[in-house]
Amino acid sequence: MQAPVSSTSPDPAPDFEELGVPPSCSAYTSTGSGWSQNFYVNDGAAPYNYHSFTLALPQSTDLHLEPYSANSAGSKTVAAPLYYSYFYRPTLTLSGMPEDGGAATAVYVNATAFQGLVYRNDLKTWELRVQNESNNYRSITGGVASGTIVAGASMKALSTRRFSPGEIVKLEAYLKRNVTYRDEMVLANYQGQGNLPKKWFKVAMPYQDLVVKVTSLTDSGTPVYLSVPLRGFTDAPDVDHRVRFRNELYYAAPYDATSGTTLAAGSSGFYTWLDGRKDHLLNLMVMDQLIGKVTVDANNNPSLPVEVRRMADWGIGMPSGSNALNCVSKTASVYRSQTMVDHIMPAATQGVASLKTAKLSGPVLNQVKVRTITSRDSLVPPVKTAATLVLKNTGSQPLTYDWDRMSDLSVSNGGLSQVVPPGGSHTLTLTADCPLDPLTGRPVVGVFFQKFRVVTNDPGISGRPETAVEFNCGTTTLYGWSDATRTFVNVDYPASTVASGASPSANPLADFKAKLTPDLVYSNVREVNPPAARNHCQSSITRANDATRCYWADVEPNPIYTEPNRLAVSCAERLITATQIWQIDFGGPGYPAASALYGDSQKASEYTTGVCNTSNLVITGDAVPSGSFLYTVKHVQGNTTYTASTSGIEPNPFSFNFKAANCATALQMGATIWSIDVGGPGYPAASELYGDSIKAERFSTGPCNNPDLTITGNAVTSGTYTYTVKHRLGSTTYTLTEEGISPRPRAITPDEIAYSCVQRLNQAIRTWEVDYGFNEGYPAVSYFYADGNTSWMYQARACQNSTLVLGGAAVPAHTSYQYTVKHVQGATTFNLSQTGIYPPAPFAQSWHYDHPSSNCAWNLKNAAELWKLEHPTTSGYPTVQTFYGDRARNEKYGTYDCEYPGLKIAGAAVTSGSFQYTVSHQLGSKVYTVRESGVTSSPL
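Residues numbered from 1 in each chain as written. Predicted model: local features only at pLDDT ≥ 70, side-chain atom pairs only at ≥ 80, totals over all residues. Heavy atoms only, no water.

Overview of the packing of helix α5 (residues 656-678) against helix α7 (residues 750-772)
It is the contact of α5 with α7, at a shortest axis distance of 10 Å, that shows an interaxial angle of 20°. By the angle between their axes, α5 is roughly parallel relative to α7. In this structure, α5 crosses over α7, and the sense of that crossing is right-handed. Listed contacts from α7 to Gln668, Met669, Thr672 and Ile676 of α5 are Arg760, Gln763 and Thr767. Residues of the contact of α5 with α7, tallied by class, amount to two nonpolar, four polar and one charged. (Axes fitted to C-alpha atoms, helices over the stretch in contact; angles between N-to-C directions. Helix = DSSP H or I, 4+ residues; strand = E, 2+ residues; numbered from the N terminus. Parallel < 35°, antiparallel > 145°, perpendicular 65-115°, else oblique. Left-handed = near helix turned anticlockwise from the far one by under 90°. Contact = heavy atoms within 4.5 Å. Nonpolar A, V, L, I, M, F, W, Y, C, P; charged D, E, K, R; others polar.)

With respect to the state of the cysteines
For the structure shown, the criterion picks out six disulfides. Between the sulfur atoms of Cys434 and its disulfide partner Cys473 the distance amounts to 1.7 Å. With a gap of 39 residues between them, Cys434 in the loop between β30 (425-432) and β31 (446-452) and Cys473 in strand β33 (residues 467-482) connect regions that are remote in the sequence. Judged by its relative accessible area of 0%, Cys473 is buried. Sulfur-sulfur distance for the disulfide between Cys571 and Cys612 comes to 2.1 Å. Disulfide Cys571-Cys612: the torsion about the S-S bond is 115°, which places it as right-handed. Of this pair, Cys571 sits in helix α3 (residues 562-586) while Cys612 sits in the loop between α4 (601-607) and β40 (617-620), placing them 41 residues apart in sequence. Using a relative accessible area of 0% as the deciding quantity, one classes Cys571 as buried. (Disulfide = S-S within 2.5 Å. Buried < 20%, exposed > 50% of the residue type's maximum accessible area, 1.4 Å probe, protein only.)

So, α5
The terminal C-alpha atoms of α5, which comprises 23 residues, lie 33 Å apart, in line with the 33 Å expected from a rise of 1.5 Å per residue. At the N-terminal boundary of α5, the capping side chain belongs to Ser655, with an oxygen 3.1 Å from the backbone nitrogen of Asn657. A positive backbone phi angle near 85° is found at Gly679, which sits one or two residues after α5. (Expected span 1.5 Å × (residues − 1). Polar contact = N/O pair within 3.5 Å; in protein donor to acceptor, adjacent residues only side chain to side chain.)

Considerations on the sheet that holds strand β41 (residues 631-635)
Strand order in the open sheet formed by four strands is β40-β41-β42-β43, and the pairing between neighbours is antiparallel. Two strands in the sheet have a free side with no partner beyond their single neighbour: β40 and β43 (648-650). Taken over all neighbouring pairs, the strand axes of this sheet differ in orientation by 20° on average, direction set aside. Contacts between α3 and the sheet are confined to β40, β41, β42 (642-645) and β43, with β41 contributing the most and set at about 155° to the helix. (Pairing = 2+ DSSP bridges.)

Focus: the packing of aromatic side chains
Applying the stated criterion across every chain, the model contains 45 aromatic pairs. For the ring pair Tyr86 and Tyr88, a centre distance of 5.6 Å and an interplane angle of 10° mean the geometry is stacked. The exposure class of Tyr86 is buried, given its relative accessible area of 5%. In textbook terms, an aromatic cluster arises when at least three aromatic residues are bridged by ring pairs, as seen for Trp768, Tyr772, Tyr778, Tyr783, Phe784, Tyr794, Tyr817 and Tyr819. Arg244 extends its terminal NZ or CZ atom over the ring of Tyr86, reaching a point 4.7 Å from the ring centre. The ring of Tyr48 has Lys293 lying over it, and the distance from NZ or CZ to the ring centre is 4.8 Å. (Phe/Tyr/Trp six-rings, centres within 6.5 Å; stacked < 30°, edge-to-face > 60°. Lys NZ or Arg CZ within 6 Å of the ring centre and 35° of its normal.)

Examining the side chain of Thr767
Among the structural elements, Thr767 can be located in helix α7. According to the relative accessible area criterion, Thr767 is buried, its value standing at 12%.

Concerning the pairing of strand β34 (residues 487-491)
Within β34, four of the five residues are buried, which leaves it mostly tucked inside the rest of the structure. Of the pairings in the sheet, the one linking β33 to β34 comprises three bridges and is antiparallel in character. Among the inter-strand pairings, Ser482 is bridged to a residue of β34, identified as Thr487. If you look at the hairpin formed by β33 and β34, you'll find four residues sitting between the two strands. Where β34 meets strand β35 (residues 501-504), four bridges bridge the pair, whose relative direction is antiparallel. Each bridged residue has a counterpart across the sheet, and for Val491 the counterpart in β35 is Gly501.

Side note on the domain arrangement of the protein chain
For the protein chain, the assigned domains are domain 1 (367-373 + 380-473), domain 2 (478-496 + 505-556), domain 3 (582-650), domain 4 (655-742), domain 5 (750-839) and domain 6 (844-939). Spacing between the C-alpha centres of domain 3 and domain 4 amounts to 27 Å. Listed per partner, the contact involves four residues of domain 3 and five residues of domain 4. Where domain 3 abuts domain 4, roughly 410 Å² becomes buried across the two surfaces, and 30% of that area is made up of carbon and sulfur atoms. Between domain 3 and domain 4 we count one salt bridge in total. Note that Lys659 and Glu650 form a salt bridge whose closest N and O atoms lie 3.3 Å from each other. (Domains from an automatic or database assignment. Buried area = accessible area lost by both parts, 1.4 Å probe. Salt bridge = Lys/Arg side-chain N within 4 Å of Asp/Glu carboxyl O.)

Thoughts on the pattern of salt bridges
With the rule as written, the count across this model stands at 38 salt bridges. The partner of Arg129 in a salt bridge is Glu127, with the nearest N and O atoms 2.9 Å apart. Residue classification places Glu127 among the buried residues on the basis of a relative accessible area of 3%. Its salt-bridge partner being Arg728, residue Asp708 comes within 2.9 Å of it at the nearest N-O pair. With Asp708 in the loop between α6 (693-699) and β44 (709-712) and Arg728 in the loop between β45 (723-727) and β46 (734-737), this residue pair connects regions lying 20 residues apart in the sequence. By relative accessible area, which is 32% here, Arg728 ends up partly exposed. One network of salt bridges, in which partners are shared, links Arg120, Asp122, Glu127, Arg129 and Arg162.

So, in structure tokens, the structure goes:
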């Protein structure tokens, strides 16, 4: 086995120094809304010839660009969002011969190059551009100067590859240091010029190639290259080398029809015109900005950059002459992470709002990381590295918000109320505490993949995806100590299988390293000695008495395994979802072999398991006729085998609290199912609802069948139950009653509040049918929650909410009920009828809509069989419309599921052989084909 190596594992320092609020030097830039970061470095022996940055391009929904007049002819254009980095060269002094005769003179040439991405509104994509600016010139051929003046500014674009909204791209730009010279006639300033105009001089103009390499991090990762010769660039170093990064919502000079003039850039008229603009650019995210020095090979690829400098080294925003230009426009909002900026023009929130009411910003497109190093000794301080998210209200109404409480993260909003006023913002800070293993008393060392979600009262963002948070948990360890006469090595970590405890050692660090498994790395080796009055050191589990010198290190998971393990976990998650999709098509009991759910593009599309289609994953799992599936996933470069089942994934790669919260939610549902099946008053002990596969299947409490969970709760003969759930490594005990779960695991959106009510009504209908049969009709919707008794009887307290608007009249026998539920701040009206709930879930995905398609397909198969029993001598089968479409046919053939909104059903009559009917949903992902032999599905 390869010997372990030490890791410096520094605290993850941000690439950007915290600026707070960058200065607003003027209302706008000369060309629009922008933020330019300028700084100066000393090149030393060779110039900094390498720039790099990564852009997470905004989604198309984060852009709103209104046309404006570009000229008197009425042509229209729009603002151009852009992000550039700049190469500047100092004023270059060349020897030049005046065209009008005379002696050689010192001629002054200026040169700049900038490169980056600009949004093409006509193509709805981002385009790579390189622009070189230097003196105007005329070419010289055979010693004769041309009479044609060529502009010193030139632009070249990459037309073979453009970049889509939402892509994450890394841009590297580097000068090749292949300087050549070309004779030109340039229009330039010169020595002794005084107040005279520029003149034409023959000079040897330097040229150097610039290469721009762009790699998309969201597709294959194959880079594209653009090579451009730059005028005016030598390879000489500069002691005051200017560097610039610029992002902007750029406006070409607009035409003002009222005055009949073009508004000049930077003019007061231009600024007044900008005040009326409604354009906005949200979530422009830039990361990993750096400069360095590279060499370039024959294939135009750079070496690894050396002498790398990041923004933390540049003192951005510090009050100095060199940095005086680091300003933002009044319309630019730079987030504290320094990676995100919004450009919102003044009129964007006026009138009919095209702008989202609110937005969650911060490092949400990349993996968010938090890190904790625990310590038991007061002499050795713990370390916590936080992540931050910013919630900004860009609308005109107050924004309320909440967050999930089923992770191991500690979330703070600085003690503010959970209401953001118009134009305001709140910062959420995420940290975490490492759990203690109750069996050993040691802090758990590991990497855990948490999920964090913020919801608001704005339906436009209430369904935003969860943010993935990587929680790295480490600890200080006392790897050795000395008393007055002896020195010891001590091993608290790694695994318990390694001999632990103290033993004499001449070299504690070497002996400690020899026992460290490849799963762990160490860092921050130091000596921290106790004061004479105390005379001991205390690690996580070891106390060193009579110690005069104590030797410490930080122990953490080896980062080389994080990404392979993450991929294995992602596959295990997808396989669990795939079993749910498989159940829609084939039903239970039992589950298929894991190999039936992945392996080719069709399975990947059908079961969303594309992440599993790699030879780097070893996946096992047999088919089972009943009970839970049991699949295993391991990455060949990872160090953990993950087991996926109906109980979740083990070893737990996620939040320990998440496991407990999932069980609490399932147990609450189990109590409801028990109440419907058995009736009240009272409830059983919690242990009656879980513990084996039969109970798990009957009460839907599979997540509770986990030996790491402690679950309590006695039977009650009346009133509500009180159950508790806690994971042995979790920080939260969840208490559940009829009223709900405390603390509430998930922050609930307005649509989810409405959906919770409609789910309860659906269950209430089932209870009504058990009590009164199918021949009594159905009551008005208000009957189920009108008072305390009926709401308890029908478990419909979730509908006793003044923010919900419910509808649905009583109907007589043989008539379908039609109930509706909507939250006053929600975006969705949920409909409940005998066909089920429509839409099937808040923020429903396509596979959710496959369930009603599958139900209808099996209804039709049963209906065709019934029809054949009624017509035994008739060959063939009728059209599919024979079996559904009105109350009489639905009741006769049991095809109420085929009335579900959005279903597309087809099938002609046949005079012999089997029928063939098809069912799909307009928002689904599959089409179901119904024949005598059964029901099959295929992707749409």
